[in-house]
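# Fold and contact review
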Amino acid sequence: MSDLHTVNKSPFEKNSLESCLRLSKSGSAILLYEDGVYGALKGTAVENMIASVVGDRKIYVLGPDYKARGLDETRIIDGVEVVDYAGFVDLVEANDKVQAWV
Amino acid sequence: MSDTKNFMFLNRRAPYGTIYAWESLEVVLIAAAFEQNVSLMFVDDGVYELTKGQDTTGIGMKNFSPTYRTLGDYEVRHMYVDKASLEARGLSADDLVQVEWEDWETEESVDNIVEVVDSDRVAELLDESDVVFSF
Amino acid sequence: MKFSIQVNEGPYQHQASDSAYQFTKAALEKGHECFRIFFYHDGVLNGTRLTTPPQDDRNIVKNWTELAEKYDLDLVVCVAAAQRRGIVDDGEAERNGKDATNIAPKFRISGLGQLVEAAIQSDRLVVFGD
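Conventions we followed
Residues numbered from 1 in each chain as written. Chains lettered and ligands numbered in written order. Predicted model: local features only at pLDDT ≥ 70, side-chain atom pairs only at ≥ 80, totals over all residues. Heavy atoms only, no water. Contact = heavy atoms within 4.5 Å. Buried area = accessible area lost by both parts, 1.4 Å probe. Salt bridge = Lys/Arg side-chain N within 4 Å of Asp/Glu carboxyl O. Polar contact = N/O pair within 3.5 Å; in protein donor to acceptor, adjacent residues only side chain to side chain. Helix = DSSP H or I, 4+ residues; strand = E, 2+ residues; numbered from the N terminus. Nonpolar A, V, L, I, M, F, W, Y, C, P; charged D, E, K, R; others polar. Buried < 20%, exposed > 50% of the residue type's maximum accessible area, 1.4 Å probe, protein only. Pairing = 2+ DSSP bridges.

Take the interface of chain B and chain C next. How big an interface is tends to be expressed through the accessible area that disappears when the partners come together. In this complex, chain B contributes 21 residues to the contact, which on the side of chain C involves 21 residues. Buried surface at the junction of chain B and chain C, summed over both partners, amounts to about 1,700 Å²; 61% is from carbon and sulfur atoms. Inspection of the chain B/chain C interface yields 3 salt bridges. Along the contact surface separating chain B from chain C lie 11 residue pairs in polar contact (both at pLDDT 80 or more).

Dropping the structure here:
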């Protein structure tokens, strides 16, 4: 079993995503929500942070936060899965515990 | 409540600029009183919480730095510092406070429970905990 | 499954309380139990009934109260954090000689032990913060 990590900060504002990626184990799940969703976008200067770990970690992005910010689903990095709040709940249930990188 | 869990307090904030470090320390003290296995992890700006020589006389705020040095008395057994965060800030273990620990019953003691660990070990320690508190 | 939720930020300034509310609501609708919602740091500001947002904005405090009424939730505001930030119930007003209270319906003020107990008793602790 592994953990769910949550990241709610834009990777352009704070190093939460960077620290989460460095300090989370292979096979763990990472949910990007609130301003964290910006880390899931293609074509940004930090795209490689997520693109390079897809496959090693399971990356999720919270759809309601993504849509609220006017972002188009076609811009999500390949391999990143969109979930809603019910999916967020399922991820919390399916993993051992939650590590919040607030 | 007979359950004992491994609690990990993940500290990623510098002291004084915001209240997170101080109020999370208050939770640590309470958790220890509940006889849980309490460990602290200092990552990113959280390593600044442990620097020596803090003096708040000029800013009118309470200096809570001495409280960290008493954590051993609250039966906190482990305080881990992320090596990469420390080095990125030009700091070393010598810049941090030392925290003594002693078991009053067995008289077993440790001079300093503050331990600098690498990224893989941080990931393992977080993974092995039952609950991670983030503030 | 038994969840507990920690909310570290006040309403409106950060999305944390909204996210925590949406998560809690989704968890309850899926049939999970929420053992306790614990409000800490500026999160205690979610517990004032004096909040008056504009009519076209959501009322976060009322949302929490109504969710708590529907599912009989335990909404706990940390006493130490509440005293610092002026969240007051009858007991606190009496103890500290305050001339008013502002605690919202279904919220109660209690100690940090409630957070520790929630973490011990629950299968998962989910933290929402800045």
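A few words on the interface of chain A and chain B. Across the boundary between the two partners, chain A contributes 15 residues, which contact 21 residues of chain B. Of the roughly 1,400 Å² buried between chain A and chain B, counting both surfaces, carbon and sulfur atoms make up 49%. The largest share of the area that chain A buries against chain B comes from R22, L23 and K97 of chain A, three residues that together contribute 39% of it. Counting across the interface, chain A meets chain B through 1 salt bridge. Where chain A meets chain B, there are 11 residue pairs in polar contact (both at pLDDT 80 or more). Those elements that provide at least two residues to the side of chain A that touches chain B are α1 (16–23) and β5 (98–101) of chain A. Taken together, the residues of the side of chain A that touches chain B sort by class into 5 nonpolar, 5 polar and 5 charged.

Residues and elements named next belong to chain B. The element strand β3 (residues 78–82) is largely enclosed, with a buried count of 4 among its 5 residues. The pairing of β3 with strand β6 (residues 114–117) spans 4 bridges and is parallel. Looking across to β6, one finds that Y80 is bridged to E115.

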